[in-house]
Amino acid sequence: MQPRKRRRKPMIDFILIAVLASLTAAIVFFVLSDSGKNQANKPKEKANHISIENSAFDGISIATDTSNNPKVPYALHYPKTENDAFNKEVRAYVTTAKKAYLAELESLDQQDEDIVPSLNIDLETVPFKEHYFSFVLTNTTYTGGADEKSMVKTYFYDNVNKQQVTAAELLGNNKEYLNKLAEYVQNDLLTNEELQASIITDNVMAATTPKFENFERFAIRGDAIEFYFDDYEVTASAASTPVVAVPLNFINPILAEAYQVENTSAKNILSPPVRELDPNGKYVALTFDDGPEPGSTEKILDVLDKYNAKATFFLLGNRVQYYPELVQEELKRGHEIGNHSWSHPVLTNLSVAQVQQEVNRTEEAIRNAIGQGATVFRPPYGAVNDTVKAQIPTPVILWSIDTLDWKHRNASQLLPMVQKAMHNHATILMHDIHQSTADGLDGVLAYLSAEGYEFITVSEMEKLTSQK
Ligand code: ZN
């Protein structure tokens, strides 16, 4: 018998190939379907799409990360700049928010079919002075239960130096300025009518203690700096998200120079520099309130020039608006400009809002006249308390000698009133709205000059006496 060649039949080959092929297919299918299943369990990192688009501003792009998975939808928008370290920090914030959202959804045993969760990080880009940008990221999360919750994260970015600017830098790292700001924001929250029903005083106190990190959430928008708080941070409801808008005319004097707003129309006139003075010298600060007044103010300016005297004018806003050129003249001749309220009320009898209006309207009128705000404040009648002080961005200045010029209106009485009370480092109160004061001033300056006094501004006097 001829041994049969051990040869497989073509039919068997075909079957083998078919079996192998289907096995491979099964394995491929299994692997694919398994990874598909994993993806269904963990849709987070992979099922998203990040796009980067240019914004209207050079060097600033907008990143968008969205998930259309109906079980875990989200839409996240955030800025991308030319600073990698900054971008990394922003991304870390967004990623942390996303992870928290996904973790919370995962922790819910069974997602209620009726609840559509959402995570939205909205980005607003607000330019300031051409090259600064406030990035306001509003994170609104809903995972079922009560209301949506909004939290705000901001970044203030210098697009020329390509770096973030912190609240501390904004305030020139000045602790006094921080106290001033904290006081304003605290007061505003506590007296905000919209928040009254839900405000939690203890939380406000904690959130506004004067620490720079408490004021990191800010944006400069229009004529104010806005400070943000999260829902439930200082209130018991999410009905209205607390924002405190601090007017620039309040905050401008306490900002580091780079962030101050200037009025270019009067840029060439500068406030007189605070000079270095001899701690043992004889000095007097002359102050003139309630002006400006055409005629008497002009005469006073001429007498001051004659004695090379620098003085301080505490102006009423409702007069500044009519005589801006007189205010410019005062500044041009080297005198200091002070705010004396708008309409000369007793500030301690007013509400916080009314005090703010008196101070801020005047500040604005002065700024319109000379392109910069007042450097000092004097309350009408010297009536001041801590609440009033908290509304005033600059030092509050009173006086040590009252000439009562408003009462006697007699040029020849001005000098005796000064003589009988004169002391070194005196601050003398007069009013430039009275012609009698303008007429009697030469005699006063002649006397004080002969006595060896130099005439300085109240800021110089403050500096001199604080060194003692
Ligand atoms: Zn007055």
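Residues numbered from 1 in each chain as written. Predicted model: local features only at pLDDT ≥ 70, side-chain atom pairs only at ≥ 80, totals over all residues. Heavy atoms only, no water.

- Looking at an unreviewed UniProt entry, one finds the protein chain named Peptidoglycan-N-acetylmuramic acid deacetylase PdaC, with Metalysinibacillus saudimassiliensis as its source organism.

### A word on the overall build of the protein chain
Item 1. The secondary structure content of the protein chain amounts to 15 helices and 17 strands.
Item 2. Out of the 468 residues in the protein chain, the part that is buried amounts to 46%.
Item 3. Excluding contacts between residues fewer than 6 apart, the proportion of contacts in the protein chain whose partners are at least 24 apart in sequence is 66%.
Item 4. For the protein chain, the accessible area works out to roughly 23,900 Å², and carbon and sulfur atoms hold 51% of it. (Helix = DSSP H or I, 4+ residues; strand = E, 2+ residues; numbered from the N terminus. Buried < 20%, exposed > 50% of the residue type's maximum accessible area, 1.4 Å probe, protein only. Contact = heavy atoms within 4.5 Å. Areas by Shrake-Rupley, 256 points an atom, 1.4 Å probe, with all protein chains shown as cover.)

### Brief notes about the side chain of T403
Item 1. Take T403: it is sitting in the loop between β15 (401–402) and α12 (405–408).
Item 2. Residue classification places T403 among the buried positions, given a relative accessible area of 0%.
Item 3. There is a polar contact of 2.8 Å between the side chain of T403 and the backbone oxygen of L429. (Polar contact = N/O pair within 3.5 Å; in protein donor to acceptor, adjacent residues only side chain to side chain.)

### Here we look at the sheet that holds strand β8 (residues 218–221)
Item 1. Pairing is antiparallel in the open sheet, where three strands are placed in the order β8-β9-β10. Of all the strands in the sheet, the pair left with one neighbour each is β8 and β10 (243–247). The mean angle between the axes of side-by-side strands here comes to 25 degrees, regardless of whether they run parallel or antiparallel.
Item 2. Bridging between β8 and strand β9 (residues 224–228) involves four bridges; their strand directions are antiparallel. (Pairing = 2+ DSSP bridges. Axes fitted to C-alpha atoms, helices over the stretch in contact; angles between N-to-C directions.)

### Comments concerning the packing of aromatic side chains
Pairs of aromatic rings are described using the distance from one ring centre to the other and the angle between the two planes.
Item 1. Going through the model one piece at a time under the given rule, you end up with 17 aromatic pairs.
Item 2. Pairing F57 with F133 gives two aromatic rings, centres 4.7 Å apart and planes at 55 degrees, and the pair type is tilted. Note that F57 is positioned in the loop between β1 (48–54) and β2 (61–67) and F133 in strand β5 (residues 132–142), a separation of 76 residues in sequence.
Item 3. On the accessibility criterion, F57 (27% relative accessible area) is partly exposed.
Item 4. A residue is classified by how much of its surface remains accessible, and F133, at 2% relative accessible area, is buried.
Item 5. A connected cluster of aromatic rings, assembled from ring pairs, spans F128, Y132, F156, F215, F218, F227 and Y259.
Item 6. Across the ring face of Y453, the terminal group of K282 is positioned such that the distance to the ring centre comes to 4.7 Å.
Item 7. Taking the ring centre of W342 as reference, the NZ or CZ of R361 above it sits at 4.0 Å. (Phe/Tyr/Trp six-rings, centres within 6.5 Å; stacked < 30°, edge-to-face > 60°. Lys NZ or Arg CZ within 6 Å of the ring centre and 35° of its normal.)

### Remarks on the coordination of the zinc ion
Six octahedrally arranged donors around a metal ideally form angles of 90 or 180 degrees; four tetrahedrally arranged donors ideally form angles of 109.5 degrees.
Item 1. Coordination of the zinc ion by the protein comes from D290 (OD), H340 (NE2) and H344 (NE2), over a distance range of 2.1 to 2.2 Å.
Item 2. Expressed as a motif, the donor residue spacing for the zinc ion is D-x49-H-x3-H. The burial state of H340 is the same as that of H344; both residues are buried. (Donors = N, O, S within 2.8 Å, 3.2 Å for Na, K, Ca; no water.)

### What about the pattern of salt bridges?
Item 1. One pass over the structure, following the stated rule, counts 15 salt bridges.
Item 2. Salt-bridge contacts for R333 lead to D302; the nearest nitrogen and oxygen are separated by 2.8 Å. Placement of the pair is R333 in the loop between α9 (324–332) and β13 (336–339) and D302 in helix α7 (residues 296–306), with a sequence separation of 31 residues.
Item 3. Since its relative accessible area comes to 21%, R333 is described here as partly exposed. (Salt bridge = Lys/Arg side-chain N within 4 Å of Asp/Glu carboxyl O.)

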